[in-house]
Amino acid sequence: MPIDLLERQKEPVDLLATKRTPRDLLAEPKSFFRETAKAIPGGVADAIEMYSRATRTLDPEGGKDYVRNLATKGVGLAEKIQEKFPQPTQEDFGLVKRGVVGGVRSSIPSVAAGLPGAVIGALGGVPGAIGGYAASGATVTGLAEYDSFMEEAERAGIPKEISRSNAIKSAFVEGGIEGATNLIDAMFLKLGKPITAPVRHFITNALNIGGVESGTEAVQAGLESKLRRDIGIPALPPMEAAKEAVIPALTMGGIIGAGGTLAKTRYNIRQPLKEEIPAEEAGIKPTRPPRDLLIGKIEQPL
């Protein structure tokens, strides 16, 4: 006699026999490629949160708090989006896959932090754009880190009088290292100079900037973790935090290096047509003889 389907659903599941955890029964296993794609809207949400926190820091509590209240709504909006696109956990992926997804995600707020300064600084030419990018990145990330630190301390029940000093230190760590890293990245990209070997620069810039980002982000993560733990905010041990930051930063640096080289190469290709600069000065070798040379050859008497 066949077993009724409703009765079959009531039968207990032997997890040991099936080698499946309760989490496996409730949700599908996460796909690495799907999570990498979801990192893009997650990164946009992180950028919204970063700017909202930076704005909230500029308007301390007291008074009408119009700007602060608007920024708080921005943080709330970002958190709602982040709930839909959460970061992968150790249960989802190993260190490398988790780090790659995190790197794709963190590249968005990292670049977004420097864009306002780069746009304004571009009025002063290439040096202004580089300086503006570095200064903007340092300012925005530092202000956002201060607000995040103070909020974490408040949730942990730590008085502001105790947390404020370490929050300022953590903001300087975040902003100072971010600004210095942006300057180093610009040096590797050699902004303002033509690219003579795009493929080679595409690879070397991705590796160089990835190496710089991984080193500086590891230092940042370790120091910021220590500053939190020193006053009782729950955080990973400094060495563990530094290790977790390496792969995401390496991925993020590779994206910035490769993307910056690609954008610069496209600029070099368009520039000769736009400003009538000789192709050789822009690092572009002509693939065929100019039209006037061909005409000259045709018109020569036999």
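A word on the overall build of the chain
Of regular secondary structure, the chain possesses eleven helices and zero strands. Reading the secondary structure of the chain in the N-to-C direction produces α-α-α-α-α-α-α-α-α-α-α. Expressed as a percentage of the 302 residues in the chain, the buried residues total 39%. A separation threshold of at least 6 residues defines the contact pool for the chain, and within that pool the share at least 24 residues apart is 71%.

Quick notes on the environment of M252
With respect to the helices and strands, the residue M252 is situated in helix α10 (residues 238-275). Separated by 42 residues in the primary sequence, M252 and G210 have C-alpha atoms spaced 6.8 Å apart. Not counting chain neighbours up to four residues away, the residues in contact with M252 comprise G103, S106, S107, S110, E213 and E217.

Overview of the pattern of salt bridges
A complete count under the given rule lists 16 salt bridges for this structure. Measuring nitrogen to oxygen at the nearest pair gives 3.9 Å for the salt bridge that ties R53 to E79. Linking R53 in helix α4 (residues 32-58) with E79 in helix α5 (residues 66-84), this pair joins segments that are 26 residues apart in sequence. With its nearest N and O atoms 2.8 Å apart, the salt bridge here joins E244 to R98. You can see E244 sitting in helix α10 and its partner R98 sitting in helix α6 (residues 95-121), a full 146 residues away along the chain. Where salt bridges share partners, they join E49, R53, R56, E79, D147, E151 and R155 into one cluster.

Remarks on the side chain of S52
Mapped onto the elements, S52 comes out in helix α4. What makes S52 buried here is its relative accessible area of 10%. Here I48 takes part through its backbone oxygen, which lies 2.8 Å from a polar atom of the side chain of S52. The residues touching S52, leaving out its near neighbours within four places in the chain, are A71, G74 and V75.

Observations regarding the confidence of the model for the chain
For the chain, the mean per-residue pLDDT works out to 79, and 71% of the residues sit at or above 70. Under a pLDDT of 50 for its full length, residues 13-17 has, in the predicted model, four contacts with residues more than four places off or in other chains.

Thoughts on the packing of α6 against helix α7 (residues 125-155)
Relative orientation of the contacting elements α6 and α7 amounts to 140 degrees, with a least axis distance of 6 Å. Relative to α7, the element α6 lies oblique. You can see that α6 and α7 cross each other, and the crossing is right-handed. Here S110, V111, A113, G114, L115, P116, G117, A118 and G121 of α6 come into contact with α7, specifically with G125, G128, A129, G132, Y133, S136, G137, V140 and T141.

Here's the deal with the nonpolar core
In terms of nonpolar packing, the biggest core is built from ten residues, these being F149, M150, A153, I158, A167, V173, I177, L227, I231 and I233. Residues in contact with V173, not counting those within four places in the same chain, are Q220, L223, E224 and L227. In terms of nonpolar packing, the next biggest core, distinct from the first, is built from five residues, A54, A113, V140 and A144 among them.

What about a nonpolar patch on the surface?
Judged by side-chain polarity, V119, I120 and L123 come together as a nonpolar surface patch covering roughly 380 Å² of accessible area. With respect to the helices and strands, I120 occurs in helix α6.

Some words on α5
Taking 1.5 Å per residue as the helical rise, α5 with its 19 residues ought to reach 27 Å, and the 28 Å between its terminal C-alpha atoms agrees with that figure. Packed against the buried residues of α5 are α4 and α6.

Quick notes on the packing of α4 against α7
One way to put it is that α4 packs onto α7 with a least axis distance of 7 Å and a crossing angle of 80 degrees. What the angle tells us is that α4 and α7 run roughly perpendicular. Within the contact between the two elements, α4 uses M50, Y51, R53, A54, R56, T57 and L58 and α7 uses V140, T141, L143, A144, Y146, D147, S148 and E151. Looking at the contact of α4 with α7, its residues break down into eight nonpolar, three polar and four charged.

What counts and how
- Residues numbered from 1 in each chain as written.
- Predicted model: local features only at pLDDT ≥ 70, side-chain atom pairs only at ≥ 80, totals over all residues.
- Heavy atoms only, no water.
- Helix = DSSP H or I, 4+ residues; strand = E, 2+ residues; numbered from the N terminus.
- Buried < 20%, exposed > 50% of the residue type's maximum accessible area, 1.4 Å probe, protein only.
- Contact = heavy atoms within 4.5 Å.
- Salt bridge = Lys/Arg side-chain N within 4 Å of Asp/Glu carboxyl O.
- Polar contact = N/O pair within 3.5 Å; in protein donor to acceptor, adjacent residues only side chain to side chain.
- pLDDT = per-residue confidence, 0-100.
- Axes fitted to C-alpha atoms, helices over the stretch in contact; angles between N-to-C directions.
- Parallel < 35°, antiparallel > 145°, perpendicular 65-115°, else oblique.
- Left-handed = near helix turned anticlockwise from the far one by under 90°.
- Core = buried A, V, L, I, M, F, W, Y, C linked by side-chain atoms within 4.5 Å.
- Patch = residues over 30% accessible without salt bridge, like charges linked within 9 Å, V, L, I, M, F, W, Y side chains within 5 Å.
- Areas by Shrake-Rupley, 256 points an atom, 1.4 Å probe, with all protein chains shown as cover.
- Expected span 1.5 Å × (residues − 1).
- Nonpolar A, V, L, I, M, F, W, Y, C, P; charged D, E, K, R; others polar.

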